[in-house]
Structure formats: structure tokens, C-alpha cells
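Here's the letter readout for the chains.
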Amino acid sequence: VNSRTGLNVQFCYREYSTNDARMNSNCYSYDVIGDTWESNGQGGMEDGFITAGQTYVVSPSWTSVDRAGLEAALSVVPEITVTSVPDFSDCPDMVCPDNKEIAVGVEIRFLSEQEKALRVGINPPAARTFSVTPGNPLDFSSPSGGGRVLIIAEDEVKDAKGEGEFRVTVCPKGGSSKATVTFYDHFPFGPTRLGQPLGMGASYTTTVNAADCCETGEMIPATRARAL
């Protein structure tokens, strides 16, 4: 779907029946920048478009997984790049001159089986496997107090449709004042391999401050502070 903003990707399906309507059709728009639902003040409407220069890997929608199963839903995974968005400055009130080009420039390719099978980050030799339980949490910290880590959760909680429940508790360590966590339903090809923003294809992002994790009487390191 073309727009003045960019490209809006939708998943549509049809159901056929013997009633008077004979057919029922539903369409859902992908939330391209999935971590800005609450922060952009727009109710998530403006972040549903792939804008010029952005590349979006279309993961299976929850509806396709629910109806066809995860393996079938992953059979086709498009990678969409928007190369250009038309200029509508000469279209007052959306009335454009005759023969004006209003199409969005788009390049599309489909991920190979090898790409879809990837389960590690940008640097495979750095990948490690952890067994995590409530009594044995994953402890990750960067020497500089920052950095990023990609954690892929794969365990027995998933059912035949690839669905499951994953709970995580996050606290900053090593003098860091906060930690930001971005959640994805599928491997984040855009952010990890294409240099796209972390929100591309995300389902949610949250930031945890050090004060949110403290217990009564616990000392919290203060960085970049000055006594007045």
C-alpha cells in the first residue's frame, strides 16, 4: 500500500463459506517500528510505514502462524527496501497534477533457506549457549558499562505453532544507570544484519532504571554526579 509517508505492508486473508456472504476478508497492517507505540504520541499510526532508505524483513504475522503453523508461515520471508517516496508538495489537498508519479520506489527480495535458518548474531564465533532458570539467571555486563547483546530464547515452552511464554527480569549492573530491552517475536534480521533501527520488527521496548531494581538498604552506584 503506497502513502505520502512510505510503504505500508499488510497481511490479508480470506475465508470462504456457504452463507450469503460467501467470503470474508480481513487485512492487518504490520507495525514496522514496533517499539514506539506509546512513545510517539501517535498511537502507533505513523510508525507503520517503511520510509525512504529503510529495509524491513517481513516476519510471519500472528494470524498466519495461528492458521498455518510456524514452519509454513516461514516458507516465504520478504525483505523490502524503500528506495524513494514521491514529493507531494505540488498536490494541495491531495489533488495532484495529471500524470504525476505517485508510486513508492521499492526493491524486494526473499530470504534464502540459509538466511532463515540463522540463529546467531553478526559474529557467530561470539555466540554462546546458556541454560537459564530462575535460580541461574543470565548475567551479562559489558566492560564499558554499555554495549548490546542478542539473546535468543529457545526451549520447550513452545507449542506446535511456535507459541510460548517467556518472562524476563532485567536490571542494570556495573554502575550503569539504565538498561534498555527490545523484544522480537522472530529473529531481528533488520537490526542485526542490515543496520536498521532496533525498533524495526520489534514487538516492544522498555527501559529499566537502576532505582527500579534496588532493595531496601541497597547501595546504588551514582555516575556522573556532582555534589553542590
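Each chain carries its own residue numbering, running from 1 in the direction its sequence is written. Totals for whole chains, interfaces and linings use every residue, but because this is a predicted model, local features are given only for residues with pLDDT of at least 70 and side-chain atom pairs only at 80 or more, for both listing and counting. Derived side-chain values reflect all non-hydrogen atoms in the structure, with water molecules and hydrogen atoms excluded from consideration.

Asks: Which parts of the structure should I look at to understand the pattern of salt bridges?
Replies: A side chain with one charge can pair with a side chain of the opposite charge if their charged atoms come near. Put simply, a salt bridge is a Lys or Arg side-chain nitrogen that is within 4 Å of an Asp or Glu carboxyl oxygen. If you walk through the whole model with that rule in mind, you get three salt bridges. E79 is paired through a salt bridge with R109; the nearest N and O atoms lie 3.1 Å apart. On the criterion of sequence distance, the pair formed by E79 in strand β4 (residues 78-84) and R109 in strand β5 (residues 105-110) is long-range, its members being 30 residues apart. Only protein chains enter the accessibility calculation, which uses a 1.4 Å probe; a residue is then buried when its area is under 20% of its type maximum, exposed when over 50%, and partly exposed in between. Look at R109 and you get partly exposed, because its relative accessible area is 35%. Among the salt bridges present, the one from K100 reaches D90, with a minimum N-O distance of 3.1 Å. Residue K100 is found in the loop between β4 and β5, and its partner D90 is found in the loop between β4 and β5; the two are separated by ten residues along the sequence. For D90, a relative accessible area of 38% puts it in the partly exposed group. A cluster of three or more residues bridged by salt bridges with shared partners is formed by E79, R109 and E115. Each helix is a run of H or I in the DSSP string that is no shorter than four residues. Each strand is a run of E no shorter than two, and both are numbered from the N terminus.

Asks: How do you make sense of the packing of aromatic side chains when you look at a structure like this?
Replies: Aromatic ring pairs are reported here in terms of the distance separating the ring centres and the angle at which the planes meet. Working definition: a ring pair exists when centres of Phe, Tyr or Trp rings (six-membered ring for Trp) sit within 6.5 Å. Plane angles under 30 degrees give stacked, over 60 give edge-to-face, the rest tilted. All told, the structure shown has four aromatic pairs when counted by the stated rule. On the numbers, 6.4 Å between centres and 10° between planes, the contact of Y13 with Y28 is stacked. Residue Y13 is located in strand β1 (residues 10-16), and its partner Y28 is located in strand β2 (residues 23-29); the two are separated by 15 residues in the primary sequence. Ring centres 6.3 Å apart and planes at 70° place the aromatic pair Y30 and Y56 in the edge-to-face group. Of the two residues, Y30 sits in the loop between β2 and β3 (55-57) while Y56 sits in strand β3, which places them 26 residues apart along the sequence. Classification of Y30 as buried rests on a relative accessible area of 15%. Aromatic ring contacts, followed pair by pair, group F11, Y13 and Y28 into a single cluster.

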